[in-house]
Amino acid sequence: MHRFRRAGAAAVAAAVALTGCGGAGGSTSDRTGGPAAATPGGTRAPARDGRVKLTRLAEMQAPVGMAVRRGDQALYVIEQPGRVRAIRDGRLDPQAVLDLRADIASGGERGLLGIAFSPDGRHLYLDYTDKKGDTHVTEWAVGADGKIAQDSRREVLFQKQPYPNHNGGQLAFGPDGLLYIALGDGGSGGDPQGNGQNLGTWLGKILRIAPRPAGGRAYTVPRDNPFVNRQGAKPEIWAYGLRNPWRFSFDPGTGDLWIGDVGQDSWEEVDRQPGRSKGGENYGWNLREGRHPFKGDKPAGGVDPVLEYPLHKDGTCSVIGGRVYRGRRLPALTGHYVYGDYCAGWVKEVPVGASGPEDPANPRTVLTGVSGLSSFGVDQAGELYVLSLKGPVYRLDPA
């Protein structure tokens, strides 16, 4: 089972171990039955004042990401081997919304890795690796009926990948209506090319663009991006010093950006960028791993993570960045950041204040035993979902 970290044993939380864990090429079947309350063989723990359970909605092939579309009640889930699927009224549609398996190299940390809809719901954006393992961000037109125009694919962005791991893959539109794109440091182990600290490459960064074509170009770089006027720097860069930011999300209440960055040998970390930020934060990799030295000292102006935990302790291996909960079904979790670990299978939470987690050293365990935890998602009402590479898509409900 891959771990998303070192070359040969690495793995972003995406491919997250896609091979050997019921992922790409696995034998997981597709079932379209209605929801049935279930927990993945683990135990439940109090979530502050309440208890929670997992309600199984669907069984898929290595689900790794989820998005919703304005004016549409469906949940759109991507399977790492290359399909976009829809869950409607608690049931998985038997027909794929989009099938890219013929174009995608899937396995390890590669595959269909990211999904987002434009704020107006008229365009779908996907992040995937092609047969050569290189990253594409593509755009698809979406009709008023929610159907994807199959012949509308347009390339927005391309990144050649030097190694087969650390592809990142997360896509999300921020409160500003712009598209944010996560790219890992290019892979291998220890960032041998020094991409994390190099502003001359997109690797090891989160990018920020206006993705619609303009002026003969595939996208537009916002004028207020932090490195637009810096010589030698890629103007698309919004944040840097990241190893493998597999999953990030925006808090709809504050606009804060929460980044789960998979560690190397010793530390997993979660970074937070305040909603008022102008961008340009340096999160330290590969000089730092978490709050600790890796290949150097903390860079000038470097930003430490707001959460970290040791690798290999109690079976941990890769942080799965989560969400600040703003739904209604679980009031005890309102305003709390919920995240997990792929190998350990736990889901934890911390209350969030104006400057970040209020008690970062003491996160509370919400669930344990979530085998193959790969991603979190939210629906139109802000309710929380948990995805497993083993196949299940769950909703988090009151117990």
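The structure under discussion appears in the preceding block.
Everything numeric here is computed off the predicted structure, so don't read it as measured data.

1. Quick word on the state of the cysteines
Applying the stated rule across the entire model yields one disulfide. Through a disulfide, C317 is tied to C343; the S-S separation comes to 2.0 Å. Of note, the bridge from C317 to C343 carries an S-S torsion of about 80 degrees and is right-handed in sense. With a gap of 26 residues between them, C317 in the loop between β22 (307-310) and β23 (319-324) and C343 in the loop between β24 (336-341) and β25 (347-353) connect regions that are remote in the sequence. On the basis of relative accessible area, C343 is assigned to the partly exposed category, the value being 28%.

2. Observations concerning the pattern of salt bridges
Per the counting criterion, the structure on display carries 20 salt bridges. The partner of D304 in a salt bridge is R288, with the nearest N and O atoms 3.7 Å apart. Taken together, the residues span a long stretch of sequence, with D304 in the loop between β21 (292-293) and β22 and R288 in strand β20 (residues 288-289) at a distance of 16 residues. One salt bridge in this structure joins R329 and D397, with 3.1 Å as the shortest N-O distance. Of this pair, R329 sits in the loop between β23 and β24 while D397 sits in strand β30 (residues 392-398), placing them 68 residues apart in sequence.

3. Observations regarding the sheet that holds strand β12 (residues 154-159)
The pairing of strands in a sheet happens through backbone hydrogen bonds and is either parallel or antiparallel. Strand order across the open sheet formed by four strands is β9-β10-β11-β12, with antiparallel pairing between neighbours. At either margin of the open sheet sits one strand with a lone partner, and together these are β9 (112-117) and β12. Within the sheet, the average angular offset between the axes of one strand and its neighbour, ignoring direction, is 15 degrees.

4. Re the nonpolar core
Core analysis: the biggest nonpolar cluster contains 57 residues, and V84, I115, L124, L126 and Y337 have the highest contact counts within it. Among the elements that line this core, the one with the most residues is β9, at four residues. Sequence-distant contacts of L124, defined by excluding residues within four places in its chain, comprise L98, I115, A116, F117, T138, E139, W140, V142 and I148. Grouped together as the second largest cluster of nonpolar side chains are 19 residues, V156, F173, Y219 and I237 included.

5. Quick notes on the side chain of D134
Take D134: it is sitting in the loop between β10 (123-129) and β11 (135-141). A polar contact is formed between the side chain of D134 and the backbone nitrogen of Q161, at a distance of 2.8 Å. For D134, the contacting residues outside a window of four places in its chain are Y128, T129, F158, Q159, K160 and Q161.

6. Side note on the side chain of E289
Counting through the fold element by element, E289 comes out in strand β20. By relative accessible area, which is 5% here, E289 ends up buried. Side-chain polar atoms of E289 contact the backbone nitrogen of S266, separated by 2.9 Å. A polar atom in the side chain of E289 sits 3.1 Å from the backbone nitrogen of W267. Apart from residues lying up to four places away in sequence, E289 is in contact with G263, Q264, D265, S266, W267, E269 and F294.

7. Re the packing of aromatic side chains
Under the definition given, this model contains eleven aromatic pairs. For the ring pair Y339 and W346, a centre distance of 5.8 Å and an interplane angle of 90 degrees mean the geometry is edge-to-face. Taken as a pair, Y339 and W346 share a single burial class, namely buried. Counting every residue linked through ring pairs, the aromatic cluster contains W258, Y309, Y337, Y339 and W346. We note K234 situated over the ring of W202; from NZ or CZ to the ring centre the distance is 5.9 Å. The ring of W246 has R247 lying over it, and the distance from NZ or CZ to the ring centre is 3.7 Å.

8. Side note on unusual backbone geometry
Going from W285 to N286, the amide bond is cis rather than trans, its omega being 10 degrees. Looking at where N286 falls in the secondary structure, it is placed in the loop between β19 (267-273) and β20. A positive phi angle, close to 50 degrees, is found at D89, a residue other than glycine. Examined against the element boundaries, D89 turns out to sit in the loop between β6 (83-88) and β7 (91-92). Classification of D89 as exposed rests on a relative accessible area of 79%. Of note in the backbone geometry, D191 takes a positive phi value of approximately 55 degrees without being a glycine. With respect to the helices, strands and loops of the structure, D191 is situated in the loop between β14 (179-183) and β15 (205-209).

Thresholds applied
Residues numbered from 1 in each chain as written. Predicted model: local features only at pLDDT ≥ 70, side-chain atom pairs only at ≥ 80, totals over all residues. Heavy atoms only, no water. Disulfide = S-S within 2.5 Å. Helix = DSSP H or I, 4+ residues; strand = E, 2+ residues; numbered from the N terminus. Buried < 20%, exposed > 50% of the residue type's maximum accessible area, 1.4 Å probe, protein only. Salt bridge = Lys/Arg side-chain N within 4 Å of Asp/Glu carboxyl O. Pairing = 2+ DSSP bridges. Axes fitted to C-alpha atoms, helices over the stretch in contact; angles between N-to-C directions. Core = buried A, V, L, I, M, F, W, Y, C linked by side-chain atoms within 4.5 Å. Contact = heavy atoms within 4.5 Å. Polar contact = N/O pair within 3.5 Å; in protein donor to acceptor, adjacent residues only side chain to side chain. Phe/Tyr/Trp six-rings, centres within 6.5 Å; stacked < 30°, edge-to-face > 60°. Lys NZ or Arg CZ within 6 Å of the ring centre and 35° of its normal.

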